[in-house]
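Examining the three-dimensional arrangement
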Amino acid sequence: MYQITISVNDDRADWLYSVDEVIKNKLQNCFAVSALNTSGKRVYCSFGCEAQSRTQMLSAIKDGLVEMFGVVGKFDFIKHNLVLGLPQTNYELLLHTLVAFDRENEHKLLNRVIQVKDNMTLDGIFNFKLGELKERWLEICNLTRNNGVYLYDDETYNELLRFLISAVNPKINKLTVKEYNGRYNLSGAFKNSVLDIDVIDSAELMYYLIDLAPLELVIDGGITNNELCKRLVGIFDAKTKNSAINKTKK
């Protein structure tokens, strides 16, 4: 039996919690198990598998941690270092977009830096091994803050988010959004399966779109929220279903 344990201070316990289920799902492929527990001011996660599955388990854990540092860790860092007087919705949307920006290159760097081993500490890695990444993130914060005055204009704000998302590798080529009963549905072909997601409000819809960064966004029917509609067009160059069909025919 091969076993390792990683830990984090309890003030950053959400880092572990955020990837616990993701890692558990990956561990199923190598018949590994995991368990969370708290002792004092630290949260521990132990992983175990048969010796022959060691490489697979370490790879699964590493994938989860790379995603965690690249998303949750980056979000926390930027939120701490970028204080703006924007409306809360706009501020949260900007944070999510900045997290998605340049994620592929950052994940490559994280893959080089993170080496999974027994008794590793996530806060130790963040504090002492991510210096190059944190310099990049701080530069992003400073650049955004220095140009913060432009973010109070909706058109300029949308243009900035459009620019940032253009630097994100798309996870899907085409998405269709449809409003129904005050909710929204996102659908499209995703790798070898069909993506079909129901979201409860415009904020959640925007978060999904930022993460997926579709090459093409089609609105099926109308969007009653005018501000949301302007954002879909201004940030993702969304087209109505009829105009998208006509464009395809041409």
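Here's what I pulled together on the structure shown here. The shown structure was predicted, so the numbers you read here are calculated from the model rather than taken from an experiment. (Residues numbered from 1 in each chain as written. Predicted model: local features only at pLDDT ≥ 70, side-chain atom pairs only at ≥ 80, totals over all residues. Heavy atoms only, no water.)

**Focus: the environment of S39**
As a reminder of what qualifies: A run of H or I in DSSP becomes a helix once it reaches four residues, and a run of E becomes a strand once it reaches two; helices and strands are each numbered from the N terminus.
Note on placement: S39 falls in strand β2 (residues 33-39). In this structure, the C-alpha to C-alpha distance between S39 and D10, residues 29 residues apart in sequence, is 9.3 Å.

**Section: the pattern of salt bridges**
Close approach of charged atoms lets side chains of opposite charge pair. As a reminder, the rule being used: Think of a salt bridge as a Lys or Arg side-chain nitrogen and an Asp or Glu carboxyl oxygen that are within 4 Å of each other. Each residue gets one of three labels from its accessible area relative to the maximum for its type: buried under 20%, exposed over 50%, partly exposed in between, using a 1.4 Å probe on protein chains only.
Inspection of the entire model under this criterion finds 12 salt bridges. Its salt-bridge partner being K171, residue D211 comes within 3.0 Å of it at the nearest N-O pair. Linking D211 in helix α8 (residues 202-212) with K171 in the loop between α7 (154-166) and β5 (174-180), this pair joins segments that are 40 residues apart in sequence. The exposure class assigned to K171 is partly exposed, which follows from its relative accessible area of 38%. The partner of D237 in a salt bridge is K239, with the nearest N and O atoms 2.8 Å apart. Residues joined by salt bridges that share partners form a network here, namely R103, E104, K171 and D211.

**Digging into the pairing of β2**
Quick reminder of the rule: DSSP bridges decide pairing: two strands pair if at least two such bridges lie between them.
Across seven bridges, β2 lies against strand β3 (residues 42-49) in antiparallel orientation. Counted as the bridge partner of T38 is V43 from β3.

**Description of the sheet that holds strand β4 (residues 120-121)**
To summarise the sheet geometry, strands pair through backbone hydrogen bonds and adopt either a parallel or an antiparallel arrangement. Applied cut-off: Two residues qualify as a contact provided that any one of their heavy atoms is within 4.5 Å of a heavy atom in the partner residue. Here an angle of 0 to 180 degrees is reported between the N-to-C directions of two axes, which are lines fitted to C-alpha atoms, with helices fitted over the stretch in contact.
Across the sheet, four strands lie side by side as β2-β3-β1-β4; this open sheet has mixed pairing. Two strands bound the open sheet, and with one partner strand each, they are β2 and β4. Docked against the sheet, helix α2 (residues 54-81) engages β1 (2-9), β3 and β4, running at close to 15 degrees with respect to β1.

**Considerations on the sheet that holds strand β9 (residues 239-240)**
Taken together, the five strands give an open sheet; going across it, the order is β7-β6-β5-β8-β9, and neighbouring strands pair in mixed fashion. Because the sheet does not close on itself, it has two edges, and the strands there are β7 (193-199) and β9. Here two bridges tie strand β8 (residues 216-219) to β9, and the two strands are oriented parallel to one another. Bridge pairing in β9 links V218 to K239.

**Some details on helix α9 (residues 226-236)**
The condition that has to hold: Starting at the helix axis, one direction is taken to each C-beta atom, and the arc is that of these directions. A 3.5 Å cut-off defines polar contacts: any pair of N or O atoms within that distance qualifies, except that in protein one atom must be a possible hydrogen donor and the other a possible acceptor, and neighbouring residues in sequence count only when both atoms are side-chain atoms.
Among all positions in α9, only L228, R231, L232, I235 and F236 are buried. Axial view of α9: buried residues confined to an arc of 100 degrees, hence all on one face. The outward face of α9, more than 90 degrees from its buried face, is lined by the exposed residues N226 and K230. Residues of α9 that are buried sit in contact with α3 (88-100), α7, β5, β6 (183-190), α8 and β8. Residue N225 occupies the N-cap position of α9, its side-chain oxygen lying 3.1 Å from the main-chain nitrogen of E227.

**Some thoughts on the packing of aromatic side chains**
Selection rule: Between 30 and 60 degrees the pair is tilted, below 30 it is stacked and above 60 it is edge-to-face, where a pair is any two Phe, Tyr or Trp rings, Trp via its six-membered ring, whose centres lie within 6.5 Å.
Evaluated as defined, the whole model comprises three aromatic pairs. Taking 5.9 Å as the distance between ring centres and 75 degrees as the angle between the ring planes, the aromatic pair formed by W15 and F69 counts as edge-to-face. Taken together, the positions of W15 in helix α1 (residues 13-27) and F69 in helix α2 put the pair 54 residues apart, joining distant regions of the chain. We note that W15, like F69, is buried. With a centroid separation of 5.7 Å and an interplanar angle of 55 degrees, the aromatic rings of F77 and W137 are classed as tilted. Of this pair, F77 sits in helix α2 while W137 sits in helix α6 (residues 131-146), and the two are 60 residues apart along the sequence. You'll find F77 and W137 in the same group, each marked buried.

**A short note on the side chain of N90**
You can see N90 is positioned in helix α3. Judged by its relative accessible area of 8%, N90 falls in the buried class. If we skip the residues at most four places from it in the chain, N90 touches D154, Y157, E227 and R231.

**As for unusual backbone geometry**
The backbone phi angle of N119 is positive, close to 65 degrees, even though this residue is not glycine. Of note in the backbone geometry, A213 takes a positive phi value of approximately 45 degrees without being a glycine. Along the polypeptide, A213 turns up in the loop between α8 and β8.

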